Structures are given as C-alpha cells and as structure tokens.
Amino acid sequence: MNTLGNRILFSHAIFFLILLTISTLTFNFLHKASKIRDLQSNFFLTNSKMMTLINEDQMIRRDEVNKAAFYNKDGYKRVAIRNKKFDAIIKELQEVNTGKIAGAFELQKEIEGIINQINRYNQCQQRLLALYRMKGFKDFGLEGQMRRFAHELENHPSELELSELLTLRRHEKDYILRKDLAYVNLLNQKADKLKKKFKKSKSKDGQELFVLLENYQLSFQEIVKTEQAIGNENYGAIWELNEASFAVTSSFQHVSTLVNAKTDRLITALIRNFVIFVFCGISASIILGYFSAGFVTKSIKSLAATMQQAQLTNFKEPNWKPSNYATKETKSLYHSYIQLLYTIRNQFDELERQTTQMIWHNEELIKINNLLESSQKSLEESNQVKDKFFSIIGHDLRGPMSNLTMSLQILSESMNTMTKEEVSTFSSNILASADAISVLLDNLLMWAKTQTDSLIPKFECVNLKSLVNSIQSLQSQRLTDKSISFLNELDDDLEISADRNMIDLVLRNLLDNAIKFTSESGFIKVGSEISTSHIKIMVKDSGIGIEPEAQSTLFTSLVKKRSQGTQGEKGTGLGLMLAYDFIRKHGGELQVSSKLNEGSTFIISLPIKQVCKLRAIEVV
C-alpha cells in the first residue's frame, strides 16, 4: 500500500460500490417515475384526442350539413371515420382503467365516469346529425321535399297569382334566415287563406293547387319542428350537445387534477427517499476520500511548497527530504523536478536575452514605420494638391482667358466699324472675363496657402455692411444685367473681429454664387441674427437651389459635376471650399439650406464674442 497506485485503487473500489448502489436506486426511481409520467401522458393524449373529436364534430355540423354528399350514402364516410376515432378513445380509456397504475391511484370510478360522459356526448351528437339529415338541404330531406312542392306550385298553370306565391316563399326564406316563429305564422295564415280559396274551386286545377299547397305547408311545418328540435345554444339538441361536451371537459379536468396531485405526492416521496440515500452515500464517499487523500497528498503538499520556494529563489536547487508518508512516485517526481529546474533556469536566461533584443528591434521598426507613414501621407497630399491645382488651371482658367483674348482681338480689329452699343457689349464681356479671372486667381492663391497651412487669420474689427456694399459695387454690372434686386439688411454699426481679407473672400464668393444661380428679376438678401451665444450672417437668394445629394459634399471637395449658372456661368466649387475653411479658422460654421427651384440660404455662424460693436438691437 506504499505506492500511489495501490492507494488510489483502494479508494476507487470503495467509491465504485457506493456509486453502484446509488445507480441501482436511481434506476428504480426513474422506472417508477416513468410509469407515472406515462399515465399522465396517456391521459393527456386521450384528453387531446377527445377535444380534437369535439372540434371535428363541430366542423361536421358546420361544413358537411350544407353539402349534398352528407345526405347520400357517400356522405357517411367522414362520420364513419369520426366514429372509429370515438371507439378508439373509449378503448384507450378502458385500457387505462384496467391498468395497475390506475388501480394504485384508485381512479377507476373517475375514469368510468368519463366513459359515461363521453357515451352521452356521442348519443347527443348522433341525435343531432339525425335531425340535420331529417331536415335536409336543398334537394334532400324535408327541405328538398318542400322545395319540390314549391317548384310544382311555380310551374302549375293555374289561377295562383305569382305575387301570392312570392309572398309564401318570402315568409319561408325569412324564417330560414332569421329563425323567427312570427314568419311561420305569416306563412300559415297565407297558406290557409289560399287553401280556403282553392278548396271551393270545382275545377281540376283548383283541386290540384289545394293539394300542393297542403303538402307545401305540411313540409314547411315539419321543417319548423325539426329546426326547433335542433335548437341553438339555449335549447334543443345543440344545447344538450354543448352541455354534454362541457361535462366531458369538466370530467377530464377533474381527473387530470386528481392524477397530477397524486403523481406529485408519489414523486415527492420518491425524491425524498432518493435524496436521503444519495446524501448518505455522498457523505460516506467524501469522508472516505478525505482520509484517503490525506495519505496521498501529504507528501505532495510538502514537495509543492518546496517547488514554490524554488520559484522565489530563481529556480535554485531546493533542500527537501522525503517524509515517511512519501510514496515511490513522490520521490521519483522530486528527482525529475531537480533536472527540470536546471533546464528551466537555462531557458529562462536565454529568453530574457532574446526578449530584450526583440524589444529593441521592435522600437526601431516602429520609428521607421512612423516615418514612412508620415512621408507617404505628405506625398499623397502633395499629389492631390498638384492634381487639383492643374485641373483648375487647365479647365477653369483657360475659358475666361480665351474669352478675354478673343474679345480683345475682335475689338482691336473692328473697333472703327463698331457701333457704341457693340463696343459697350464687348467691353462688358472683357470686364466680366477679367473679373472671373481675378476671382479665380484670388481663390487659387488663397487655396494654395490653405493647403500648406501658411495662412493665419489677422483679426481686426470689420464693418460688415460696408464690406457687403463694396462687394455689391463690384458686382453692380452683373446685378443690373440680370435685373436682380439686392437688399443689404445688415445693421450699420455691426462690426465683427475677423481677418478682413478672409471674410471679404467668403462674402464675395457667396454673393458671386448667389448672382450666378439667381434668375432674372430675382432677389438677393444679406441679413443677420443675434443670439446669446452666436451671430449668424445669412446670404439668401431666390435662385434655382441645390440638389439634396450635392449639399453633403458642397464644402468638402471640388465639384465633379459642374453646375452652370442661369446664363451659362461655370464654377469649380473652390470658392465654397475656401469659404468653409476660412470660417472654420474663425471658430465658426458655414451651413446651407436649399430647395430646388425655391432658392438657397448660406448661413455663417460665429461665436458672439467675435462681435466688436453692435448697437442695441433685439437678441433672439
């Protein structure tokens, strides 16, 4: 017993005996519980089948009685299938009633009561179906007989007026639809009146009509009696069937409650006994395992403490002597551990050296990678700036220059032959081209500075109304050519702290766009709005507006699809980009609100602290 294997084998043998006993008891418990659950399951299944049968009976009464097949021999097929299901349910209940578990639970009397209730329900169902067959449908039963007499009356060549026959049929239909006995009395009164009329007739046709009316009335009265026997939810065969159905359901629920209660008590008792025995077995196993493990783990704990000490002393060889409780396996483990210590120590030293070297190399790689990423980013930005710059020069500067050159050439060659009006027109074109070139060059210069981050705002107090008036003067010819109404509603004393050149370029570009995209006889309005935190400067026009999908990228990229003004003017979108960047450099925001064919409003929002001078006006 001095080896670890022998000690573990002894403990496992004892534990196996306890486990075998517990397994046997568990099997017996599960077997009894399974039988009990089978009883519950079978009873629940039978209950479900009966509820399904009741639903099928309702569908038969709802669907089949209105089909011709129900009144033929073939019409009994669905009823025959239903009867087989009923017999199967009775058989299942009888088998459950004669079983051992039902006897153990003392349920024979209750199950017998369910069988009686089901038989009573079946009798009510069969009686109701028989009444439906007696009543008939269309050409079958009493209804078919009455319809035949009615057709004979309709086709009889006699003195019976069509209006009187229609009155009879209307009372008949009213009763069939509403089930109101008042219509029965009306039909009988009408039929009796007609019979009295034709009974006195001595002609053959009169006698035949009397007989037909007599038969028609008797058939209708039989239908009424049958309908009363069938009844509804409050009386008659339908009421009796519903009562029987409710009794069946109540009986099943009562027995289900008894079965569940007795099952719960039995399973509770079985569980209690099982838990007590399992608890005793587990307690015995724990006690046995504790004493057995003590002999096994005592020397292992001593060796483990020695190993922990070795870790604290950088894996130096420990001083450990095996105790009297040490097994052969523990002693062999100690010698193997000493060899492992030497190996771990050597690997530990090598790992430290390699880790230090890898950390140094990794830091160098990170520095090189950061430099490469910075260089690549700068190169990409430079390429983008170059591409944009040459694109603008190639497409947007060439057009105005060509127009300017052509106009000057024509003016130079033909000035002596031109009228004053023609000279004035060419001069206006030359001035417009020069203005366009000037605006574009200013924008390009400013944009190039923004790309290199060399443009820093120089703040000073700027009177906004004077600035807008000066821009209006520069654009007066364009405003006059388009008959645009220009309204400067800025306050005379409104001054803001800003870079004059930047804010001038922003307003010049916004007003240039407003003129470009405003049709003839339109208007442009510049106004302001003051709040406790911001000042808003608004440039509003009645132009053609901006498409919604274009508004999201209006300030962030050069236009890919160039929109033309109302007179064919072209643009790059560079001015709006500059305006957006300059306003951001002032700590503000540039926004747009626009609807197609209704106009646009560009809103410059600056912090209220940048207002230098303002007369007393209302703050929104």
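Scroll up for the structure.
Source: prediction; values computed, not measured.

The rules behind the values
- Residues numbered from 1 in each chain as written.
- Predicted model: local features only at pLDDT ≥ 70, side-chain atom pairs only at ≥ 80, totals over all residues.
- Heavy atoms only, no water.
- Helix = DSSP H or I, 4+ residues; strand = E, 2+ residues; numbered from the N terminus.
- Buried < 20%, exposed > 50% of the residue type's maximum accessible area, 1.4 Å probe, protein only.
- Contact = heavy atoms within 4.5 Å.
- Areas by Shrake-Rupley, 256 points an atom, 1.4 Å probe, with all protein chains shown as cover.
- Axes fitted to C-alpha atoms, helices over the stretch in contact; angles between N-to-C directions.
- Parallel < 35°, antiparallel > 145°, perpendicular 65-115°, else oblique.
- Left-handed = near helix turned anticlockwise from the far one by under 90°.
- Nonpolar A, V, L, I, M, F, W, Y, C, P; charged D, E, K, R; others polar.
- Pairing = 2+ DSSP bridges.
- Core = buried A, V, L, I, M, F, W, Y, C linked by side-chain atoms within 4.5 Å.
- Salt bridge = Lys/Arg side-chain N within 4 Å of Asp/Glu carboxyl O.
- Phe/Tyr/Trp six-rings, centres within 6.5 Å; stacked < 30°, edge-to-face > 60°.
- Disulfide = S-S within 2.5 Å.
- Patch = residues over 30% accessible without salt bridge, like charges linked within 9 Å, V, L, I, M, F, W, Y side chains within 5 Å.
- 1 Å grid on protein atoms, 1.4 Å probe; cavity = no way out; pocket = protein on both sides within 12 Å on 5 of 7 lines; lining within 4 Å.
- Points joined across faces, edges and corners; volume = space filled by probe spheres on them.

Peer 1: Hey, could you run me through the overall build of the protein in this one?
Peer 2: Assigned secondary structure in the protein consists of 16 helices and eight strands. Taken across its 620 residues, the protein has 37% of its residues classed as buried. Here the analysis covers contacts within the protein between residues at least 6 apart in sequence; of these, 74% occur between residues at least 24 apart. Accessible area of the protein: about 37,400 Å², with a carbon and sulfur share of 56%.

Peer 1: Would you mind showing me how to read the packing of helix α12 (residues 464-474) against helix α14 (residues 500-516) here?
Peer 2: Each pair of packed helices gets described by two things: the angle between the helix axes and the distance between those axes. Between α12 and α14, the least distance of the axes is 10 Å, while the angle of their chain directions is 50 degrees. One way to sum up the angle between α12 and α14 is to call them oblique. For the pair α12 and α14, the sense of crossing is right-handed. Note on element contacts: α14 touches α12 through Ile503, Asp504, Leu507, Arg508 and Leu511, opposite Leu464, Leu467, Val468 and Ile471. Each residue belonging to the contact of α12 with α14 can be placed in one class, and the counts come to seven nonpolar, no polar and two charged.

Peer 1: What's the story with the pairing of strand β3 (residues 495-499) in this structure? I'm lost.
Peer 2: Residues in a regular strand project their side chains so that they alternate between the two faces of the sheet. Among the five residues of β3, four are classified as buried, and the element is accordingly described as predominantly covered. Where strand β1 (residues 459-463) meets β3, five bridges bridge the pair, whose relative direction is antiparallel. For Asn463, the partnering residue across the bridge sits in β3 and is Glu495.

Peer 1: Would you explain the nonpolar core in this entry?
Peer 2: Soluble globular proteins: nonpolar side chains tend toward being buried together. Formed by 44 residues in total, the largest nonpolar core has its most connected members in Ile496, Leu511, Ile524, Phe555, Phe602 and Ile604. Sorting the residues of this core by element identifies α12, β3, α14, β4 (523-530), β5 (534-541), α16 (574-585), β6 (589-595) and β7 (599-607) as the ones contributing at least two each. Per element, the largest residue contribution to this core is nine residues, and it comes from α14. Of all hydrophobic cores here, the second largest spans 36 residues; its members include Phe43, Val65, Leu107 and Leu241.

Peer 1: Before we go on, may I ask you to explain the pattern of salt bridges in this structure?
Peer 2: Oppositely charged side chains can form a pair if their charged atoms are brought close together. Throughout the structure, instances matching the rule amount to 18 salt bridges. Here Asp174 makes a salt bridge to Arg178, at a shortest N to O gap of 3.0 Å. In this pair, Asp174 and Arg178 are both assigned in helix α6 (residues 162-178), four residues apart and thus about one turn of the helix distant. When its relative accessible area of 15% is taken as the criterion, Asp174 is described as buried.

Peer 1: Sorry, what's going on with the sheet that holds strand β2 (residues 485-488) here?
Peer 2: Sheet strands line up and pair through hydrogen bonds in the backbone, either parallel or antiparallel. Reading across the sheet, the five strands line up as β2-β4-β5-β7-β6 and stay open at both edges, with mixed pairing between neighbours. With partners counted over all chains shown, the strands left at the sheet margins are β2 and β6, one partner each. Each strand of the sheet is rotated relative to its neighbour by a mean of 15 degrees, with strand direction disregarded. Across four bridges, the pairing between β2 and β4 is parallel. Residue pairing across strands places Asn488 opposite Val526, the latter belonging to β4. Where α12 meets the sheet, it contacts β2, β4 and β5, and its direction lies at approximately 160 degrees from that of β2.

Peer 1: I keep staring at the packing of aromatic side chains and nothing clicks. Help me out?
Peer 2: Aromatic ring pairs are described here by two measures, namely the spacing of the ring centres and the angle between the planes. Inspection of the entire model under this criterion finds three aromatic pairs. Seen from their ring centres, Tyr175 and Phe220 are 5.8 Å apart, and the 75 degrees between their planes marks the pair as edge-to-face. Of this pair, Tyr175 sits in helix α6 while Phe220 sits in helix α8 (residues 204-230), placing them 45 residues apart in sequence. Considered together, Tyr175 and Phe220 belong to a single accessibility category, that of buried residues. Judged by centre distance (6.3 Å) and plane angle (75 degrees), the rings of Phe555 and Phe602 are edge-to-face. Highlighted residues: Phe555 in the loop between α15 (548-551) and α16 and Phe602 in strand β7, separated in sequence by 47 residues. The pair Phe555 / Phe602 is uniform in exposure class, with both members buried. Chaining the aromatic ring pairs together yields one cluster made of Phe555, Tyr580 and Phe602.

Peer 1: Where do I start with the state of the cysteines in this structure?
Peer 2: Simply put, the disulfide is a covalent bond whose two ends are the sulfur atoms of two cysteines. The tally for this structure, following the rule as stated, stands at one disulfide. Cys461 shares a disulfide with Cys612; S-S distance 2.5 Å. Measuring handedness by torsion sign, the sulfur bridge of Cys461 and Cys612 sits at about -90 degrees and is left-handed. With Cys461 in strand β1 and Cys612 in strand β8 (residues 611-613), this pair connects stretches of sequence that are 151 residues apart. Exposure remark for Cys461: the relative accessible area of 42% places this residue in the partly exposed category. When its relative accessible area of 34% is taken as the criterion, Cys612 is described as partly exposed.

Peer 1: Any chance you could explain a nonpolar patch on the surface here in plain terms?
Peer 2: Side chains of Phe16, Leu17 and Leu20 sit close together on the surface and give an oily, nonpolar patch of about 320 Å² of accessible area. In this fold, Phe16 is placed in helix α1 (residues 4-63).

Peer 1: How do you make sense of the layout of surface pockets when you look at a structure like this?
Peer 2: Using a probe with the size of a water molecule, rolled over the atoms, empty space left in the structure can be pinpointed. Considering only enclosed or pocket space, the second largest pocket measures out at about 240 Å³ in volume. Lining the second largest pocket are Val65, Asn66, Tyr71, Tyr132, Lys135, Gly136, Phe137, Glu143, Ile176, Lys179, Glu227 and Ile230. Of all the secondary-structure elements, those providing two or more residues to the lining of the second largest pocket are α4 (108-135) and α8. For the lining of the second largest pocket, the class distribution of residues is six nonpolar, two polar and four charged.

Peer 1: Where do I start with the side chain of Ser605 in this structure?
Peer 2: As for its position among the elements, Ser605 is in strand β7. Residue Ser605 is classed as buried on the basis of its relative accessible area, which comes to 12%. Among all residues touching Ser605, those that are not within four sequence positions of it are His534, Ile535, Lys536, Gly588 and Glu589.

Peer 1: How should the environment of Ala68 be read in this particular structure?
Peer 2: When you line up the elements, Ala68 lands in the loop between α1 and α2 (76-97). In this structure, the C-alpha to C-alpha distance between Ala68 and Phe140, residues 72 residues apart in sequence, is 7.6 Å.

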